[in-house]
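Listed here are the chains, written in short residue letters.
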Amino acid sequence: MTDTGSVSGGLVRRVGLFQATALNMSQMVGVGPFITIPLMVGAFGGPQAVVGFVAGALLALLDGLVWAELGAAMPGAGGTYVYVREAFQYRTGKLMPFLFVWTAILFIPLIMSTGVIGLVQYLGYLWPSMGQTAGDLVGVGVVALVMLLLWRRIESIAKLTTVMWGVMLLAVVLVLAAAYTNFDPSLAFDYPKGAFDVLDGGFWAGFAGGLAIGVYDYLGYNTAAYLGSEIKDPGRIMPRAIIYSVLGVLCIYLLLQIGSVGAIDWHRMTDPDSVASTSVASAVLESAWGRGVADVATVLILITAFASVFAGLLAGSRVPYDAARDGVFYRRYATLHPRHRFPVLGLITMGVITTAGFLIGRHTDLQTLIQLLTTVMVLVQTLSQIVALTVLRRRQPQLRRPYRMWLYPLPSILAFAGWTFMYGASDHNAPGRHPIEWSLAWLALGMLAFALWARKERTWPFGDKEIREQYLDAQRAGEEGEPEPGKVSS
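Residues numbered from 1 in each chain as written. Predicted model: local features only at pLDDT ≥ 70, side-chain atom pairs only at ≥ 80, totals over all residues. Heavy atoms only, no water.

A. Representation of the pattern of salt bridges in the model. Overall, the coordinates contain 12 salt bridges when judged by the stated rule. Between E466 and K94 there is a salt bridge, with the nearest N and O atoms lying 3.4 Å from each other. Within this pair, whereas E466 is found in the loop between α20 (435-457) and α21 (470-477), its partner K94 is found in the loop between α4 (80-92) and α5 (95-126), the two being separated by 372 residues in sequence. For E469, the salt bridge is made with R476, and the minimal N-O distance between the two is 3.9 Å. Where salt bridges share partners, they join R85, E86, D326 and R468 into one cluster. (Salt bridge = Lys/Arg side-chain N within 4 Å of Asp/Glu carboxyl O. Helix = DSSP H or I, 4+ residues; strand = E, 2+ residues; numbered from the N terminus.)

B. Spotlight on the packing of aromatic side chains. Within the structure shown, the criterion is met by 23 aromatic pairs. Pairing F98 with F329 gives two aromatic rings, centres 5.2 Å apart and planes at 50°, and the pair type is tilted. In this pair, F98 is assigned in helix α5 and F329 in the loop between α15 (318-325) and α16 (344-362), connecting sequence segments 231 residues apart. F329 shares its class with F98; the two are buried. Ring centres of F98 and F450 lie 5.5 Å apart, and the angle between their planes is 65°; this geometry places the pair in the edge-to-face category. Here F450 lies in helix α20 and F98 lies in helix α5, a separation of 352 residues in the sequence. A relative accessible area of 0% means that F98 is categorised as buried. A relative accessible area of 4% places F450 in the buried class. Here the aromatic cluster, defined as three or more aromatic residues joined through ring pairs, consists of F98, W102, F329, Y330, Y333, W442, F450 and W453. Against the face of Y125 rests R291, its NZ or CZ located 4.0 Å from the ring centre. (Phe/Tyr/Trp six-rings, centres within 6.5 Å; stacked < 30°, edge-to-face > 60°. Buried < 20%, exposed > 50% of the residue type's maximum accessible area, 1.4 Å probe, protein only. Lys NZ or Arg CZ within 6 Å of the ring centre and 35° of its normal.)

C. Spatial organisation of the nonpolar core. In this structure, F100 and W419 are the most contacted members of the largest nonpolar core, which totals 162 residues. Looking at which element gives the most residues to this core, the answer is α5, with 22 residues. (Core = buried A, V, L, I, M, F, W, Y, C linked by side-chain atoms within 4.5 Å.)

D. Here's a closer look at the environment of A177. Its location among the elements puts A177 in helix α7 (residues 154-181). For the pair A177 and L256, spaced 79 residues apart in the sequence, the C-alpha separation amounts to 9.8 Å.

E. Molecular detail of unusual backbone geometry. With omega at 5°, the peptide bond leading from Y408 into P409 counts as cis. Along the chain, P409 turns up in the loop between α17 (366-395) and α18 (410-424). Cis geometry marks the peptide bond from W460 to P461; its omega dihedral reads 10°. Summarising the element assignment, P461 is placed in the loop between α20 and α21.

Laid out in structure tokens, this is it:
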């Protein structure tokens, strides 16, 4: 008889398929489409912006297959950290997992900060007189409330996440109903001349900007992988939760995009003085059913935005914990709350950086923040993880893989190309902000931090490499230090 409450490294396996999918989708949808539909329309210059959401979904699905294989085979807390730790230890010791955690404690809370920005934007629809200072204070208060709610046991969090997922779906359904009640095909398909002219450089410039926005909208399909040590049956649940959430959110986004531009003239979305540019969902609701209904639905959107921040900080706080527990990051991050069993310092760090990112975004602009966070993320998470998949197939061919990537290696090659294209276009998409240079500077700072840490810990390059094939060794020995991939502790 299985015991779904068994402990793996101090964390409890309580999260099932429905809850894992709900966690992913809450993080993916959140407030994303409600704030980025106008940005996407502006990038493409018309309703052809739907191309950006499709392209983002394809890249997310291709990359999701990488996550699915790795997450099913190595279900540990920390996601990418675990995969790069296992793959790159043979040549560079602990460098790559350290660098991943170094970048993750920046880009994960920056993603959460965009959700807080979106929440404050929609609150402005209900509170038109809210000024800059009041908005800043509200955002800081939201982050504090999220941290307070996360200061508890994982099983109660899973139940709360499911409730917020239901609220998210209700908000989406209301916006869709309003959009298609007031749908005008002449608006929805009012494409400018040359909208799909792929021989025109303008199309690809819009595509590059739209792809970054689209990818941002789908971020979160991997949230459950960060909770690998808390998933009941990771070999079965991890791949399904990722694939189901990407396909489900693709349908939601397409319906929202087409419905919104069919209910409101897309030119209003590019006008910074129009409510459609900052609170497009509320504008759609008001146009269809009046201000009263729009106000009620806007409250649901605020809850949805809150849920996305909640889910992201929950998962992100586990990343430095697992690294520290394995001796690959600063030791203090390995401390769990003595009663509620959650990573204390990881949660605090993520909350503080989320607050800082929110304030930076509020005083610059949302699109620049999106470019910065996606650029920082690409080098040490997405590209390195794709390489790790191939390295592990060669280095650990005997590792049990409950799920194997379809059509390998084609999806990983296409995903690598997509991420590289998006990274190369970052400076063009954020003129004057230099996201590529900032990402390289943060990486260089991380390498310096690693050198100082490695010297203190007397590990490579100041000591011997420590080769530890954790999952493969556990599989061979039948041990339960980490449960066998795809199994639940008995």
